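# Chain and residue survey
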Amino acid sequence: NVLARRNEVSAALQNLSAGPLEAVKFRIHGDFHLGQILIVQQDVCIVDFEGEPLRGALARNAKDTPLRDVAGMLRSISYAAAAAIQAIEQRLLTDPLRAEGLSLAGADFVSAVFMEAYDSKIAGSPAEIQDPETRRRIVSLKILGKALYEIRYEAEFRPGWIGFPVHGVLNFLDRMSHEQ
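Anyway, here's the lowdown on the structure attached to this text. Because the structure is predicted, anything quoted here is derived from the model rather than measured.

On inspection of all chains with the given rule, the structure shows five aromatic pairs. By way of ring pairs, the aromatic residues Tyr-79, Trp-161 and Phe-164 are connected into one cluster. For the cation-ring pair, Arg-158 lies above Trp-161, with the distance from its terminal atom to the ring centre recorded as 4.0 Å.

Okay, here's the thing in structure tokens:
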């Protein structure tokens, strides 16, 4: 569980935030996820720019890197994949490890497509981070931060969903340990 690995979480946060993490800051959505996107006919509309509910008004209105919204969407993709696989597992599969593997593979695929589209649209803008290592560290830091926030949110409002962000943090830590 996450509590047993809190030293790893702390080390990951320290490592990812060490050194310069220069990025242009903008007024961002602040709570960007799949539920904030409405598709009507041939148009896409992004809604609810109020920010994360547990953050205070000053924090919700603070400027940040757009990669924070990217991290929010990547976490949302992970949630959607985990929820879909959980539903499938309950109905069809008996092997939870196979289901988790399918969930991770699906989320990785959709996340890669999202990042490719983001990168193509952000290219050449002031928000583009040229250094790939800095960009990777910022995205990773924002993803971990978002997943930790989600644990708090789910514990308070939807305890039945707490497994999604807990697994997100654990999978994040596992991936970090394999990259080293």
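With four bridges connecting them, strand β1 (residues 37-40) and strand β2 (residues 43-46) associate as antiparallel partners. Directly across from Val-40, in β2, lies its bridge partner Asp-43. Taken together, β1 and the strand that follows it, β2, pair antiparallel across an intervening segment of two residues, in which Gln-41 is found at a positive phi of about 55 degrees.

Next up on the list: the environment of Ile-122. Among the structural elements, Ile-122 can be located in helix α4 (residues 96-122). When the C-alpha positions of Ile-122 and Phe-172 are compared, they lie 25 Å apart, and in sequence the two are 50 residues distant. Discounting residues that sit within four places of it in the chain, Ile-122 has contacts with Ala-127 and Glu-128.

A few words on unusual backbone geometry. A negative phi angle is the norm for most residues apart from glycine, just as the trans form is the norm for most peptide bonds. Here Gln-41, not a glycine, exhibits a phi torsion of approximately 55 degrees, which is positive. Its location among the elements puts Gln-41 in the loop between β1 and β2. You can call Gln-41 exposed: its relative accessible area is 76%. Phi at Asp-48 is positive, roughly 60 degrees, even though this residue is not glycine. Assignment of secondary structure puts Asp-48 in the loop between β2 and α2 (57-61).

The next point concerns the nonpolar core. By size, the foremost hydrophobic cluster in this structure holds 29 residues, and its most contacted members are Leu-67, Leu-74, Val-169 and Phe-172. The dominant element in this core, judged by the number of residues it contributes, is helix α3 (residues 67-91), at seven residues. Here Val-169 is in contact with Val-2, Val-9, Leu-144, Ala-147, Leu-148 and Ile-151, once residues within four sequence places are set aside.

Glancing now at the side chain of Thr-134. On the secondary structure map, Thr-134 appears in helix α5 (residues 132-157). Among the residues examined, Thr-134 registers a relative accessible area of 11% and is labelled buried. In this structure, Thr-134 is in contact with Pro-20, Leu-21, Glu-22 and Ile-129, ignoring residues within four places of it in sequence.

Quick notes on the rules
Residues numbered from 1 in each chain as written. Predicted model: local features only at pLDDT ≥ 70, side-chain atom pairs only at ≥ 80, totals over all residues. Heavy atoms only, no water. Phe/Tyr/Trp six-rings, centres within 6.5 Å; stacked < 30°, edge-to-face > 60°. Lys NZ or Arg CZ within 6 Å of the ring centre and 35° of its normal. Pairing = 2+ DSSP bridges. Helix = DSSP H or I, 4+ residues; strand = E, 2+ residues; numbered from the N terminus. Contact = heavy atoms within 4.5 Å. Buried < 20%, exposed > 50% of the residue type's maximum accessible area, 1.4 Å probe, protein only. Core = buried A, V, L, I, M, F, W, Y, C linked by side-chain atoms within 4.5 Å.

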